[in-house]
Amino acid sequence: FGSLNNFIKISDETIETWSKILKSISNSHLILKSSNYCDEDILMDKFKFYGVHNRINIYNKIDFLRHQDHLELYKKIDLCLDTFPFNGVTTTFEALWSGVPVIAMKGFNMNSRCGESILKNANLEYLISHDKEDYLRLAIYYSNNLEILEELRIKINQNILNTSLFDSKKFSNDFQSKLIEVYKKNQ
């Protein structure tokens with residue numbers, strides 16, 4: 001598993017849920033890397049509380065100065081676990097662009113619906129969980145069904161650039177049309 005989201009987004013609820021996932025999947029590990037500096041000892045102490053600290057691999061930001069090195073880290077991740085209630089945005093795009101599925105949870109406001117929105121627009125609605133139990137269920141399901149996970153990775157790899165998420169020309173045209181529409185309404 002992996003999450004390259006900023007550590008400040010890793011809530012106590014997220015740590016609890018991730019810990020349950022790690023305990024449910026033997027020999028599983030969680031790769032963590034943040035683009036911001038933070039006290040890793042505080043984060044690790046939270047995982048120690050659940051007894052899974054020996055399954056956490058924290059990578060130091062300083063070792064990934066080139067963006068390409070950061071993107072290469074996705075090759076070590078089978079399944080990304082999004083943070084909640086504050087989802088990743090750039091990291092979700094990076095994961096999908098790298099062919100790595102992301103489990104995200106439905107949210108209650110703009111900041112907590114980013115993962116849901118990205119996955120819907122990537123035609124990956126089945127990776128959106130409704131609550132912590134559903135999030136746990138999805139992570140365990142894909143971890144226990146490696147052939148299905150591999151098929152999903154191939155599907156993402158083959159199709160993600162053809163989704164509206166990566167169609168910058170269409171986005172620009174749609175955005176321009178909306179701006180013109182708003183402008184005309186206010187004339």
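Further up the page is the structure itself.
In this text the structure is predicted, and so the values were computed from the model without any measurement.

**Regarding the environment of Glu94**
Link 1 in the chain: Checked against the element boundaries, Glu94 lands in helix H4 (residues 90-97).
Link 2 in the chain: Take Glu94: its relative accessible area is 9%, and that puts it in the buried class.
Link 3 in the chain: For Glu94 and Lys170, which are 76 residues apart along the polypeptide, the C-alpha to C-alpha distance reads 20 Å.
Link 4 in the chain: Glu94 has contacts with His67, His70, Leu71 and Tyr74, leaving out every residue within four places of it along the chain.

**Considering the packing of aromatic side chains**
Link 1 in the chain: This structure, assessed with the given rule, holds five aromatic pairs.
Link 2 in the chain: For the ring pair Phe49 and Tyr50, a centre distance of 5.0 Å and an interplane angle of 90° mean the geometry is edge-to-face.
Link 3 in the chain: Look at Phe49 and you get exposed, because its relative accessible area is 67%.
Link 4 in the chain: Judged by its relative accessible area of 23%, Tyr50 is partly exposed.
Link 5 in the chain: Where Tyr141 meets Tyr142, the ring centres are 5.0 Å apart and the plane angle is 80°; that geometry is what we call edge-to-face.

**What about a nonpolar patch on the surface?**
Link 1 in the chain: On the surface, Tyr37, Ile62 and Leu65 cluster together to form a nonpolar patch covering roughly 370 Å² of accessible area.
Link 2 in the chain: Within the secondary structure, Ile62 sits in the loop between strand S3 (56-59) and helix H3 (67-72).

**Thoughts on the environment of His70**
Link 1 in the chain: Here His70 shows up in helix H3.
Link 2 in the chain: Judged by its relative accessible area of 8%, His70 falls in the buried class.
Link 3 in the chain: Through-space distance from the C-alpha of His70 to that of Glu94 is 9.7 Å; in sequence the pair is 24 residues apart.
Link 4 in the chain: Non-local contacts of His70, meaning those with residues more than four positions away in its chain, are made with Leu4, Lys33, Phe64 and Glu94.

**Here we look at the pairing of strand S5 (residues 102-105)**
For a regular strand, side chains alternate in direction, first toward one face of the sheet and then toward the other.
Link 1 in the chain: Neither face of S5 is exposed, since Val102 and Ala104 on one face and Ile103 and Met105 on the opposite face are all buried.
Link 2 in the chain: Direction of pairing for strand S4 (residues 80-81) relative to S5: parallel, over a ladder of two bridges. The residue of S5 that forms the bridge with Leu81 is Ile103.
Link 3 in the chain: Where the polypeptide runs from S4 across H4 and back to S5, its parallel neighbour, the crossover connection is right-handed.
Link 4 in the chain: Pairing between S5 and strand S6 (residues 128-129): two bridges, direction parallel. Residue pairing in the sheet places Ala104 in a bridge with Ile128 of S6.

**So, the side chain of Asn87**
Link 1 in the chain: Relative to the helices and strands, Asn87 resides in the loop between S4 and H4.
Link 2 in the chain: Its relative accessible area of 2% is what places Asn87 among the buried residues.
Link 3 in the chain: Within polar-contact distance, the side chain of Asn87 engages the backbone oxygen of Thr83 at 2.9 Å.
Link 4 in the chain: Apart from residues lying up to four places away in sequence, Asn87 is in contact with Asn5, Lys9, Asp82, Met105, Asn111, Ser112, Arg113, Cys114, Gly115 and Glu116.

**Section: the nonpolar core**
Link 1 in the chain: Of all hydrophobic cores here, the largest spans 47 residues; its most connected members are Phe1, Trp18, Leu30, Leu32, Phe47, Leu81 and Leu96.
Link 2 in the chain: In contact with Phe47, not counting residues within four places along its chain, are Ile15, Trp18, Ser19, Leu30, Leu32, Val52, His53 and Ile56.

Thresholds applied
Residues numbered from 1 in each chain as written. Predicted model: local features only at pLDDT ≥ 70, side-chain atom pairs only at ≥ 80, totals over all residues. Heavy atoms only, no water. Helix = DSSP H or I, 4+ residues; strand = E, 2+ residues; numbered from the N terminus. Buried < 20%, exposed > 50% of the residue type's maximum accessible area, 1.4 Å probe, protein only. Contact = heavy atoms within 4.5 Å. Phe/Tyr/Trp six-rings, centres within 6.5 Å; stacked < 30°, edge-to-face > 60°. Patch = residues over 30% accessible without salt bridge, like charges linked within 9 Å, V, L, I, M, F, W, Y side chains within 5 Å. Areas by Shrake-Rupley, 256 points an atom, 1.4 Å probe, with all protein chains shown as cover. Salt bridge = Lys/Arg side-chain N within 4 Å of Asp/Glu carboxyl O. Pairing = 2+ DSSP bridges. Right-handed = clockwise from strand over helix to strand, strands pointing away. Polar contact = N/O pair within 3.5 Å; in protein donor to acceptor, adjacent residues only side chain to side chain. Core = buried A, V, L, I, M, F, W, Y, C linked by side-chain atoms within 4.5 Å.

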